Amino acid sequence: MSVLVYTESSEGKFKKAAYEVTSYGKKVAEQLGTNLVVLAINSDDPAALYAYGAEKVLNIANDSLNTFNAKVYADIIKQAAEKEQAQVVIVESSSNSLYLAPIVAVNLNAGYTNNVVTLPSSTAPFVVKRKAFSNKAFNNTEIHSDIKVLSLAKNSFGLVENNVSGSTEDFSPLIIESGLTSESVERTTGKVTIADADIVVSGGRGLKGPENWGIVEELAEVLGAATACSKPVSDLGWRPHSEHVGQTGKPVASNLYIAIGISGAIQHLAGVNSSKVKVVINTDPEAPFFKAADYGIVGDAFEVVPKLIEKLKEFKANNS
Amino acid sequence: MKILVCISHVPDTTSKINFTENDSKFDSNGVQYVINPYDEFALTRAMWFKEKQGASVTVVNVGNASTEPTLRKALAIGADDAIRVNTEATDGLSVAKELAEVVKNGGYDLVLAGKESIDYNGGMVPGMLATLLDFNFVNACIGLEVDGDKATIAREIDGGKETLSCNLPLVIAGQKGMVEEKDLRIPNMRGIMMARKKPLNVVAPVGANAVTTTVSFEKPAAKAACKLVDAEHVEELIDLLHNEAKVI
């Protein structure tokens, strides 16, 4: 018996989510009184997972796996789960993990739930709490099947250091054919992505035009944040669709979300509510975002944001 | 090309979310139901294939009779016919198994769905369906072209996009980008009149068992009031974010 965690790496490097899902998996394994096994594919440093409780790392080094393929990867996770007799398989909530998890579940004849935000409240029956109704509620879900597949919501558990003397075992699974060919991958380079960002700075129609986005970008730069925008802004073509956050856009689950000139329509809030701390800057004190935010400034963004940038630069200079 | 579009019947985005029977059931009282917004992108793309490439478009829902108005709306938008699998949708895997039966019986070569429903946000039915059927599958689709039996698909990845190709049959889990928001259609009077005469076939379920159940629902704890900082003293905000919230 074991708990199997699948971690992702990008060009050989783990991201924060890999450590978070390992931290979580370690606690689930403790609850079940079993061991944690972590699967890593083409990682430069699998031993980095020991610090978060990975007693055993299954390490796959195979150049044919450099391009992600959900069906192929799902089959590898199945092979690892069978080899380690996993009762619980846990994945991240990245776009790749959300793609492969339902495939893994069917392959293992397992019940699956995503959006998991806490440790199991009980392991027999196996019950976890998950986000539902676009962040407007939670449901406690019981999984009845022998094997359970979970996707942990990003930033919901955090990193828990738990240094163990781990070991790494080379694993050479069978690589299946998938029928799907990856033709090209385009990534925006040199920018923090919304999916990975700890801080997101977002602009709305209150900024009046694309020519005014300099202050959003500068604030994001000072904070090492990703930039985002509301739906009307992307619909108007002021910013690319890839920056649209909200219900039909990208979800945001950052530590800090700063909304500038965004009123806070329910669809927008549904997409950003998972962020831990929300700040709103808006001229209208009646804007619904003030009800959802933790901190707010009623004021003109064109005056407030440059001041904030200046003060943040001083703060960074004194605290670095 | 025979296209099947899976339609979830979900509470409108602006609905108040409440629960009844000791927080064990969703309270549908006064709730307006709509086509799941993610499914609507898929349906709209299907309409394009119907108009430009002569595809036939069937819509399907797994649910009881109360979901029929939502299927009629999909017919009014332009689908040719509808199927309702007559059973309560309980969990993702059982819904995928019910849909797999519909796909096998109908011989569809392209199955389109939204990447998740806006109520349970489970994001699993399309991937499970494809795996049960051994069809190709692409999640988070933001672009789809079909030429003969060859498909080219763009999917959103964290920080970019990937372009993929494969042969049909194929299951797609779509989102905005498959079509733009401005391309979504509101049914017109003629569409609504025609929808009344289009076939809506009710089929018996295979009776797949659920492997997950909701034990109870919870609403998020009430949030503390927003702390306001004077626009003249933005340094106070920095102090709060650093010392109180500890996020910078």
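Residues numbered from 1 in each chain as written. Chains lettered and ligands numbered in written order. Predicted model: local features only at pLDDT ≥ 70, side-chain atom pairs only at ≥ 80, totals over all residues.

## Observations regarding the overall build of chain B
Within chain B, the secondary structure is distributed over 6 helices and 15 strands. Per-residue burial for chain B yields a buried fraction of 48% across its 248 residues. Long-range contacts, defined as pairs at least 24 residues apart, comprise 70% of the intrachain contacts of chain B with a sequence gap of at least 6. (Helix = DSSP H or I, 4+ residues; strand = E, 2+ residues; numbered from the N terminus. Buried ≥ 20, exposed ≤ 12 C-beta atoms within 10 Å, placed from the backbone. Contact = placed C-beta atoms within 7 Å.)

## A look at the overall build of chain A
Along the backbone of chain A there are 8 helices and 18 strands. Over its C-alpha atoms chain A spans a radius of gyration of 21 Å, differing by no more than 12% from the 20 Å that the globule rule assigns to 320 residues. With respect to the principal axes defined by its C-alpha atoms, chain A has extents near 60 × 45 × 40 Å. Buried residues in chain A amount to 56% of all 320 residues. Counting contacts in chain A only where the partners sit at least 6 residues apart, residues at least 24 apart contribute 64% of the total. (Rg over C-alpha atoms; globule rule 2.2 N^0.38 Å.)

## With respect to the sheet that holds strand β9 (residues 136-147) of chain B
On the basis of which strands lie adjacent, the open sheet formed by 10 strands has the order β13(A)-β11(B)-β10(B)-β9(B)-β12(B)-β8(B)-β1(B)-β6(B)-β7(B)-β13(B) and mixed pairing. Lying at the two open borders of the sheet, with one neighbouring strand each, are β13 (180-187) of chain A together with β13 (200-203) of chain B. Direction aside, the axes of adjacent strands within the sheet are offset by 30° on average. Pairing between β9(B) and strand β10 (residues 150-157) of chain B: 6 bridges, direction antiparallel. What sits directly across from Gly143(B), in β10(B), is Ala154(B). Each of β1 (2-6), β6 (56-63), β7 (81-86) and β8 (110-114) of chain B touches helix α3 (residues 92-106) of chain B; the most contacted strand, β6(B), lies at about 150° to it. Helix α4 (residues 125-133) of chain B rests against β1, β8, β9 and β12 (170-174) of chain B of the sheet, and its axis sits at about 70° to β9(B). (Pairing = 2+ DSSP bridges. Axes fitted to C-alpha atoms, helices over the stretch in contact; angles between N-to-C directions.)

## Section: unusual backbone geometry
Following Ala124(A), the chain continues to Pro125(A) via a peptide bond in cis, the omega torsion being 0°. Relative to the assigned elements, Pro125(A) resides in the loop between β8 (122-123) and β9 (126-132). Geometrically, the link from Leu168(B) to Pro169(B) is a cis peptide bond, its omega value of 0° lying close to zero. Along the chain, Pro169(B) turns up in the loop between β11 (160-167) and β12. Although it is not a glycine, Asn42(A) adopts a positive phi angle of roughly 50°. By the secondary structure assignment, Asn42(A) is in the loop between β4 (35-41) and β5 (56-60). Taking the C-beta count within 10 Å as the criterion, Asn42(A) has 17 such neighbours and is therefore assigned partly exposed. Of note, Asn109(A) is a non-glycine position whose phi angle comes to about 55°, a positive value.

## A look at the interface of chain A and chain B
Tallying the contact residues gives 71 residues for chain A and 58 residues for chain B. When residues of the side of chain A that touches chain B are traced back to their parent elements, those giving at least two are α3 (95-107), β7 (111-116), β9, β10 (137-143), β13, α6 (266-272), β18 (295-298) and α8 (301-319) of chain A. Taken together, the residues of the side of chain A that touches chain B sort by class into 31 nonpolar, 27 polar and 13 charged. Of the strand pairs in this sheet, β13(A) and β11(B) are connected by 7 bridges, and their pairing is antiparallel. (Nonpolar A, V, L, I, M, F, W, Y, C, P; charged D, E, K, R; others polar.)

## Remarks on the nonpolar core
Ranked by size, the top nonpolar core spans 171 residues in total, and within it Val89(A), Ile90(A) and Val5(B) carry the most contacts. If sequence neighbours within four positions are ignored, Ile90(A) has contacts with Val3(A), Val5(A), Val21(A), Tyr24(A), Gly25(A), Val28(A), Leu150(A) and Leu152(A). (Core = buried A, V, L, I, M, F, W, Y, C linked by C-beta atoms within 7 Å.)

## So, the pairing of β4(A)
Remark: a regular strand shows side chains that alternate across the two faces of the sheet. Residues and elements named next belong to chain A. With 6 of its 7 residues buried, β4 lies for the most part within the structure. By the bridge criterion, 6 bridges tie strand β1 (residues 2-7) to β4 in an arrangement that is parallel. Note on β4: the bridge partner recorded for Val5 is Val38. Looking at chain direction, β4 and β5 are connected through 5 bridges and run parallel. When the sheet's bridge partners are listed, Val38 is paired in β5 with Val57.

## Let's talk about the confidence of the model for chain B
Overall, the prediction assigns chain B a mean pLDDT of 96, with 100% of residues at 70 or greater. This complex was scored by the predictor with a pTM of 0.94 and an ipTM of 0.96. (pLDDT = per-residue confidence, 0-100.)

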